[in-house]
Amino acid sequence: MDAKVREQILAVRDTGLTNMFDINAVQRIAYEMDFYELVNFIEENRGKYVRFILTGEE
């Protein structure tokens, strides 16, 4: 995970619009915010995304 994706995850989280484990909603919000890197990252690295949400570790 690069710094840009990490920042995008935190930006989506800060909106408070969804539970971060609702992956479909996170992707929709990221798409609406033009965070295409995050949308692609979740598609290709779902496990890494969940691990980051659970532990804060990359």
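Before reading further, recall that the structure is shown in the block above.
Description of the structure in this document.

**Quick notes on the overall build of the protein**
When you go through the protein residue by residue, the secondary structure sums to 4 helices and 0 strands. Counted from the first residue to the last, the protein has its helices and strands arranged as α-α-α-α. Rg of the C-alpha trace for the protein: 10 Å, near the compact-globule value of 10 Å for 58 residues, within the 12% margin. When its C-alpha atoms are laid out on the principal axes, the protein stretches across 25 × 20 × 15 Å. Partitioning the contacts of the protein with sequence separation of at least 6, the portion at a separation of at least 24 is 44%. When the accessible surface of the protein is split by element, carbon and sulfur atoms take 47% of a total near 3800 Å².

**Overview of the packing of aromatic side chains**
Each aromatic ring pair is characterised by the separation of its centres together with the angle its planes make. Counted according to the given criterion, the structure contains 1 aromatic pair. Geometrically, the ring pair formed by Tyr 31 and Tyr 36 is edge-to-face, given 5.4 Å between the ring centres and 70° between the ring planes. The exposure class assigned to Tyr 36 is partly exposed, which follows from its relative accessible area of 40%.

**Some remarks on the packing of helix α2 (residues 23-32) against helix α4 (residues 46-55)**
Where α2 contacts α4, the axes come no closer than 13 Å and their chain directions differ by 95°. Between α2 and α4, the angle falls in the class roughly perpendicular. Facing α2, whose interface residues are Ile 23, Val 26 and Gln 27, α4 presents Arg 46, Tyr 49 and Val 50. Looking at the contact of α2 with α4, its residues break down into 4 nonpolar, 1 polar and 1 charged.

**Focus: unusual backbone geometry**
The backbone of Asp 34 shows a phi angle near 65°, a positive value even though the residue is not glycine. Within the fold, Asp 34 resides in the loop between α2 and α3 (36-44). Taking the relative accessible area as the measure of exposure, Asp 34 reaches 48% and is therefore partly exposed.

**Side note on the packing of α3 against α4**
Between α3 and α4, whose axes approach to 5 Å, the crossing angle comes to 105°. With respect to α4, the element α3 is oriented roughly perpendicular. Counting all contacts with α3, which are made through Phe 41, Ile 42, Glu 43 and Glu 44, the residues of α4 involved are Arg 46, Lys 48 and Tyr 49. A breakdown of the residues in the contact of α3 with α4 according to their chemical character gives 3 nonpolar, no polar and 4 charged.

So, how was this worked out
- Residues numbered from 1 in each chain as written.
- Predicted model: local features only at pLDDT ≥ 70, side-chain atom pairs only at ≥ 80, totals over all residues.
- Heavy atoms only, no water.
- Helix = DSSP H or I, 4+ residues; strand = E, 2+ residues; numbered from the N terminus.
- Rg over C-alpha atoms; globule rule 2.2 N^0.38 Å.
- Contact = heavy atoms within 4.5 Å.
- Areas by Shrake-Rupley, 256 points an atom, 1.4 Å probe, with all protein chains shown as cover.
- Phe/Tyr/Trp six-rings, centres within 6.5 Å; stacked < 30°, edge-to-face > 60°.
- Buried < 20%, exposed > 50% of the residue type's maximum accessible area, 1.4 Å probe, protein only.
- Axes fitted to C-alpha atoms, helices over the stretch in contact; angles between N-to-C directions.
- Parallel < 35°, antiparallel > 145°, perpendicular 65-115°, else oblique.
- Nonpolar A, V, L, I, M, F, W, Y, C, P; charged D, E, K, R; others polar.

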